[in-house]
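An overview of the molecular structure
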Amino acid sequence: MSAATAFLGGVLLGAGGSAAGAWWLWRRRNARLGRFFSHAAHEINTPITAINITVMNLLSGVFGEVPPEQVKWVDMMREQVARLGGMVGELRDLIHLVLSRDLNIQVENAPVSELVAAAVACVRRDGAAGQGEVKVEVPAELPRVRVDRERAVRTLASLLFHARKFRTGGELVMGGRRDGSRVKLELRYRGHPLPAGEAERSLALLYPALGPNRHTLTAVGLGLGVLRAVAERQGGDLSFRVAPDGEARLTLSWPVSPR
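Scope of this entry: the structure provided in the associated data block. (Residues numbered from 1 in each chain as written. Predicted model: local features only at pLDDT ≥ 70, side-chain atom pairs only at ≥ 80, totals over all residues. Heavy atoms only, no water.)

Regarding the pairing of strand β4 (residues 169-179)
Threshold: A pair of strands is treated as paired once DSSP finds two or more bridges between them. Only DSSP runs of H or I covering at least 4 residues are called helices, and only runs of E covering at least 2 are called strands; the numbering of each starts at the N terminus.
Inspection of the sheet shows strand β2 (residues 135-137) paired to β4 by three bridges, in the parallel sense. If you follow Glu137 over to β4, its bridge partner there is Gly175. Bridging between β4 and strand β5 (residues 182-190) involves eight bridges; their strand directions are antiparallel. In the sheet register, Gly175 faces β5, and the bridge partner there is Glu186. Where β4 folds back onto β5 in an antiparallel hairpin, the turn is made up of two residues, including Gly180, whose phi is positive at roughly 65°.

Overview of the packing of aromatic side chains
Rules: Classification of ring pairs uses Phe, Tyr and Trp, with its six-membered ring standing for Trp, and accepts pairs whose centres are within 6.5 Å; under 30 degrees between planes counts as stacked, over 60 as edge-to-face, and the remaining range as tilted. Counted as over-ring charges are cases with an Arg CZ or a Lys NZ within 6 Å of the ring centre that also lie within 35 degrees of the ring normal.
Under the criterion given, the structure shown has zero aromatic pairs. We note Lys165 situated over the ring of Phe166; from NZ or CZ to the ring centre the distance is 5.8 Å.

Section: the sheet that holds strand β7 (residues 247-255)
As a reminder, the rule being used: Every axis corresponds to a line fitted to the C-alpha atoms, with the helix fit spanning only the stretch in contact, and the corresponding angles, defined between N-to-C directions, vary from 0 to 180 degrees. Contacts are residue-level and defined by heavy atoms, with any inter-residue pair within 4.5 Å sufficient.
Taken in spatial order, the five strands line up as β2-β4-β5-β7-β6 in an open sheet, and their pairing is mixed. Single-partner strands in this sheet number two, and they are β2 and β6 (237-242). The sheet shows a mean angle of 15° between the axes of neighbouring strands, direction not considered. Bridging between β5 and β7 involves nine bridges; their strand directions are antiparallel. When the bridges of β7 are listed, Arg182 appears paired with Pro255. Sheet contacts for helix α4 (residues 149-166): β4, β5, β6 and β7; angle to β5, the most-contacted strand, approximately 20°. Running at roughly 140° to β6, helix α6 (residues 224-233) makes contact with β6 and β7 of the sheet.

Shown next as structure tokens:
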């Protein structure tokens, strides 16, 4: 072996070792950041839970009757606190997906009707006609699905918040059907027309941070990308289609539970 070859081999070996060391340090740093931010999100969620319980007690009459003219405002607070708690949950999922890379999914067999009812309750405001009204057309005979129940309800609720934010008129309809080994829930509404390919791009995991002024387009909360990633971890998927006239369809699929 010539001196030049030996020298080149040493350089390549040293570069490889340096790269491996840098990768290990990067992974270690990300894991530490993941644990820290997950802890921070958990701590943020603690006062949110306390506020939510207080608001629910107010609405249920535990502290006495709430004046009728104030009920809608207390109910709006209930909705927004629940929404905030959901976004904190999505933030924790994002941290475990991107930094810690250890997202833990706890699946169980769940009735679709229960998941839909729990999600719709999150966005329905009592005494405020037109706010959060959802027309549910989900057949009762749909089979159970294999999902993480808490995340499934959170994802459905987030999709409803998304649709409500960007709906420009008409009904907000949730339908459902079985498609082979999956159950598909479809949210239909009329929204704004989007540039070609923008609906598909909005499913990127970090879509709100991609490009200038991205937050002014189709992102609400942490965006659809987190919801899609969590659905995929449960064996499902999320798609988004917008027709040229603005007719939008958000389709969430979950695997059917084995018999």
